[in-house]
Amino acid sequence: MVRGDRLGRHETAHVRLRGGILGGQPPFHTPVFVLTNRPAPTLVKEGGTSFTFVADGIHSALDQAKAAAGDRNVDIAGGADTVQQYLRARLVDDLQLHVLPIRVVDTPGATHLKYRVLK
């Protein structure tokens, strides 16, 4: 699956400050489209990952991700505001939530929830 991710503001800062997610070789191995209000040059990393900073809205970011993905799926990642924008625009087919408990005591790992979005 090709991932064309829309990252939120904090993830964007992480990409810029650290020079990339998880150092020199991010885990995506695909183009990532980062929504931002501060345009920046595309950042190309090892392993096929590139970060393209999109300043002209969610539709533009999604269109670019779809073009890069071809006939494969596009993932939209980010915080609540990011997801809500795409849901309000009715651009989401499936919604997956990954819920991680705060580990005060020994608890099981993450809970993964998947919903089909009705249009």
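Cut-off values and rules
Residues numbered from 1 in each chain as written. Predicted model: local features only at pLDDT ≥ 70, side-chain atom pairs only at ≥ 80, totals over all residues. Heavy atoms only, no water. Core = buried A, V, L, I, M, F, W, Y, C linked by side-chain atoms within 4.5 Å. Buried < 20%, exposed > 50% of the residue type's maximum accessible area, 1.4 Å probe, protein only. Helix = DSSP H or I, 4+ residues; strand = E, 2+ residues; numbered from the N terminus. Contact = heavy atoms within 4.5 Å. Expected span 1.5 Å × (residues − 1).

Regarding the nonpolar core
Among soluble globular proteins, nonpolar side chains are generally buried collectively. Phe33, Leu35, Val54, Ile58, Ala61, Leu62, Ala65, Tyr86 and Val92 form the largest nonpolar core, which has nine residues in total. Sorting the residues of this core by element identifies strand S1 (31-35) and helix H2 (58-69) as the ones contributing at least two each. A total of four residues in this core trace back to one element, the largest contributor, which is H2. Residues contacting Leu62, with those up to four places away along its chain left out, are Val74, Ile76, Tyr86 and Leu91.

A look at the environment of Ala110
Note that Ala110 resides in the loop between strand S4 (94-99) and strand S5 (111-116). In this structure, the C-alpha to C-alpha distance between Ala110 and Val99, residues 11 residues apart in sequence, is 5.5 Å.

A closer look at H2
The end-to-end C-alpha distance of H2 is 16 Å, a good match for the 16 Å that 12 residues give at a rise of 1.5 Å each. When we look at burial in H2, the residues that qualify are Ile58, Ser60, Ala61, Leu62, Ala65 and Ala69. Those residues of H2 that are buried lie in contact with S1, strand S3 (50-54) and helix H3 (80-88). With its phi angle positive at about 65°, Gly70 sits one or two positions after the end of H2.

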